[in-house]
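Remarks on the overall topology
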Amino acid sequence: MKKAFLVFGICISAALTGLAQKNVDRTPGGEFGVGARFGGSTGLTLKKYHRSNMSAFEVNLAYSFDDEVDGFTTNIFWERLAPIGFKDRLCAQFGVGVPLVFADEFKTGLAGIIGFDWRVARRIGIQLDWSPTWLFINDNHFSSFDAAFSARWLF
């Protein structure tokens, strides 16, 4: 009877180890992405995913088409990711960041980001987001203009 329990325990342990390994293999994390951003601000996007796939760091270098901003912008975001499907490759995202506007006069403030991040294939990621921005240093302007689509190559 003890041998039967021992064999049963070993089989269960092996099955759970295999299941855990499958989950580790299918869950992305730790990638670095470079791509293009199209929308209220259009330009280059860089994103580094944390190994746990629960957060990311994103930098957008773009030209803003908002009439009040009208200049080259750099947005730096920390984002929280919440997997919602497709084997944890589709994530809802929300975060905060700092916008840096290089126009006639340097401006900065706070920005938020909310949207969806989807690693479609092993090396391709897309993102749809909205980034409201409040500039309060050297200006006082709230912009809800920046919604965008991004496509990235993942390394």
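Residues numbered from 1 in each chain as written. Predicted model: local features only at pLDDT ≥ 70, side-chain atom pairs only at ≥ 80, totals over all residues. Heavy atoms only, no water.

Regarding the side chain of T108
Note that T108 resides in strand 6 (residues 106–121). Here the side chain of T108 touches P99 through a polar contact of 2.6 Å, landing on its backbone oxygen. Here T108 is in contact with V98, P99, L100, L135, F136 and I137, once residues within four sequence places are set aside. (Helix = DSSP H or I, 4+ residues; strand = E, 2+ residues; numbered from the N terminus. Polar contact = N/O pair within 3.5 Å; in protein donor to acceptor, adjacent residues only side chain to side chain. Contact = heavy atoms within 4.5 Å.)

A look at the packing of aromatic side chains
Evaluated as defined, the whole model comprises five aromatic pairs. Aromatic pair F102 and F106: ring centres 5.4 Å apart, planes at 50 degrees, arrangement tilted. Aromatic side chains W134 and F136 sit 4.6 Å apart centroid to centroid with 45 degrees between the ring planes, which places their arrangement in the tilted category. The ring of Y49 carries R119 above its face, with NZ or CZ at 4.0 Å from the centroid. (Phe/Tyr/Trp six-rings, centres within 6.5 Å; stacked < 30°, edge-to-face > 60°. Lys NZ or Arg CZ within 6 Å of the ring centre and 35° of its normal.)

A few points about the environment of M54
On the secondary structure map, M54 appears in the loop between strand 2 (41–49) and strand 3 (55–64). With 25 residues separating them along the chain, M54 and G29 place their C-alpha atoms 8.3 Å apart. Once you skip the residues sitting within four places of it in the chain, M54 turns out to touch E79, R80, L81 and P83.

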